[in-house]
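Structural characterization, general
Residues per chain, in single letters:
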Amino acid sequence: MTKSDHGKPDKRVLAALEDARAREIRAVQLYTLLAEMQTDPHRRDLFLRLADAERHHAERFAERIQALGGTPKPEPRLRPLDRLLTRLLGTETMLRRMEADEDRNIESFSKAARGIAADPETRRAFEEVEAEEEAHAHLLQNLGGSASPASRLEAILRGEKWHVNTGSWIGDAIYGVNDGLGAVFGIVSGMAGYTGAGAQVVFAGLLGTLASALSMGSSAFLAARAEREVHEAEIGREKREIEETPEHEREELALIYQLKGLSEEDASRMADAIASQPELFLKTMAQEELGLSESRMPNPWVSLVSATLSTAVGGIIPVLPFVFSRGTQALILAAIVSTLAHFAVGAAKSLVTARHWFISGLEMTVVGVVMGVVTYVLGVVFHIG
């Protein structure tokens, strides 16, 4: 048993165990929620099995805490924000995030195991759970597992699809706020340096917000419409090929599956099963041959509204302090509010990038501060000149 010089449990070991237990409990809650969202019984059962495995890990860490003389903390409930985000982001995006969480857990457990040389039993617990987490991460990458060709195909499609899903309105909104905040903060800082934080800052900031919002919204609309038109044109050509040379397309699909590692017999059987369903055949060929998925086609109008409104929200943040105040006080308030907003937006970006929220927030904050300082100094220089 690992204890300190005074016979008490080693607090560092207990803290590592409690942190690991909290990670596993959160995974249990998220997997359970994902299971509730599934309509496919196979996927629902798979998520429930993952939740059971994570529950076993949490119980094992709790047992080690008790064996070392500690008391496990009460299990926290799933945060309302996590529940809301899971339902908003959907299964595929959450799978990508859970995959990233599993990778972070593996790194954390490996580090904890290396740091506990004096307690072989606890070290072994971390190492064994780490190995099982690696299996979970692999399972998330290849979600599926049924023996039927259709189910294996769905596993392949899902494995490729969840890696890019930033075309949603959530991604547009986050990047819109990011763009509006960054651009208008630079305008406000520069004008504050040039005018001494006078009333002109408000007008410059509002005009900058309007211009940024309209520019971002129109760009998002045109980009989404162009992407959708390209998708529809490609799928239309693929549909004609299937209608004119169905056997050639079936053979092509079988070869694709062989390249993915299936045997010639399994690949042929899967291709036959898919080719017998025209609508599924078209969707499959679009995905496998062209890398296109109907579910990922952006809606231009959703992109327009999301990008415009979010950019306006981001742009108005650094302007507000100058609406209610003037001079140095307004400048300091704008700097504080904008810095906090930069961190919040950066942290929110982790919803679509799966990066750690603190690193993402810190990166955005540094960029915002540097830009604010540079534009303010330039404003002062131009004023003096």
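Nothing here was measured: the structure is a model prediction, and the numbers come from that model.

Definitions and cut-offs
- Residues numbered from 1 in each chain as written.
- Predicted model: local features only at pLDDT ≥ 70, side-chain atom pairs only at ≥ 80, totals over all residues.
- Heavy atoms only, no water.
- Helix = DSSP H or I, 4+ residues; strand = E, 2+ residues; numbered from the N terminus.
- Contact = heavy atoms within 4.5 Å.
- Areas by Shrake-Rupley, 256 points an atom, 1.4 Å probe, with all protein chains shown as cover.
- Salt bridge = Lys/Arg side-chain N within 4 Å of Asp/Glu carboxyl O.
- Buried < 20%, exposed > 50% of the residue type's maximum accessible area, 1.4 Å probe, protein only.
- Expected span 1.5 Å × (residues − 1).
- Arc of directions from axis to C-beta.
- Phe/Tyr/Trp six-rings, centres within 6.5 Å; stacked < 30°, edge-to-face > 60°.
- Core = buried A, V, L, I, M, F, W, Y, C linked by side-chain atoms within 4.5 Å.
- pLDDT = per-residue confidence, 0-100.
- Polar contact = N/O pair within 3.5 Å; in protein donor to acceptor, adjacent residues only side chain to side chain.
- Axes fitted to C-alpha atoms, helices over the stretch in contact; angles between N-to-C directions.
- Parallel < 35°, antiparallel > 145°, perpendicular 65-115°, else oblique.
- Left-handed = near helix turned anticlockwise from the far one by under 90°.

What the chain contains, in helices and strands, is 14 helices and zero strands. Helices and strands appear in the chain in the N-to-C order α-α-α-α-α-α-α-α-α-α-α-α-α-α. Counting only contacts in the chain whose residues sit at least 6 apart along the sequence, the fraction spanning at least 24 positions is 76%. Split by element, the accessible area of the chain, about 19800 Å² in all, is 61% carbon and sulfur.

Before going further, it helps to examine the pattern of salt bridges. Here the structure, examined in full by the defined rule, presents 12 salt bridges. With a closest N to O distance of 2.5 Å, arginine 55 and glutamate 75 form a salt bridge. Highlighted residues: arginine 55 in helix α2 (residues 41-67) and glutamate 75 in the loop between α2 and α3 (80-114), separated in sequence by 20 residues. One salt bridge in this structure joins arginine 250 and glutamate 247, with 3.2 Å as the shortest N-O distance. On the criterion of helical spacing, the pair formed by arginine 250 and glutamate 247 is a turn pair, its members being three residues apart in helix α8 (residues 246-259). A residue is classified by how much of its surface remains accessible, and arginine 250, at 15% relative accessible area, is buried.

As a further point, take helix α9 (residues 264-275). Between the first and last C-alpha of α9 there are 16 Å, a value that for 12 residues agrees with the 16 Å anticipated at 1.5 Å per step. Here α9 has its buried residues at Ala267, Met270, Ala271 and Ile274. Along the long axis of α9, the arc covered by the buried residues comes to 100 degrees, so they all point the same way.

In this section: the packing of aromatic side chains. The final tally for this structure, using the stated rule, is three aromatic pairs. Measuring from ring centre to ring centre gives 6.4 Å for tyrosine 31 and phenylalanine 47, while their planes differ by 25 degrees; the resulting arrangement is stacked. Of the two residues, tyrosine 31 is situated in helix α1 (residues 11-37) and phenylalanine 47 in helix α2; the sequence distance between them amounts to 16 residues. Ring plane angle 65 degrees and centroid distance 5.8 Å describe the contact between phenylalanine 343 and phenylalanine 358, whose orientation is recorded as edge-to-face.

If you look at the biggest cluster of nonpolar residues, it comprises 15 residues, and the most contacted ones within it are Leu30, Tyr31, Leu34, Phe47, Met94 and Met98. Counting residues per element, this core draws most heavily on α1, which supplies six residues.

Mean pLDDT over the chain stands at 78; residues scoring 70 or higher make up 82%. When mean pLDDT is taken per element in the chain, helix α11 (residues 300-316) scores highest with 89 and helix α5 (residues 149-161) scores lowest with 43. Across residues 1-7, confidence stays below pLDDT 50; counting only partners more than four residues off in sequence or on other chains, it has 14 contacts. In the predicted structure, residues 144-167 sits below a pLDDT of 50 and forms 56 contacts with residues beyond four places in sequence or in another chain.

Relative to the assigned elements, threonine 375 resides in helix α14 (residues 357-384). Within polar-contact distance, the side chain of threonine 375 engages the backbone oxygen of glycine 186 at 3.3 Å. Ignoring any residue separated from it by four or fewer positions in sequence, one finds threonine 375 in contact with Gly186, Ser189 and Gly190.

To continue, consider the packing of α1 against α2. The packing of two helices is summarised by the inter-axis angle and the distance between the axes. Packing of α1 against α2 leaves a shortest axis separation of 8 Å and a crossing angle of 160 degrees. Considering the angle they form, α1 stands roughly antiparallel to α2. As for how α1 packs across α2, the hand of that crossing is left-handed.

With that settled, consider the environment of valine 202. Residue position: valine 202 is located in helix α7 (residues 200-244). Here the alpha-carbon distance between valine 202 and isoleucine 316, two residues 114 residues apart in the chain, equals 9.7 Å. Residues in contact with valine 202, not counting those within four places in the same chain, are Val319, Phe322, Val323 and Arg326.

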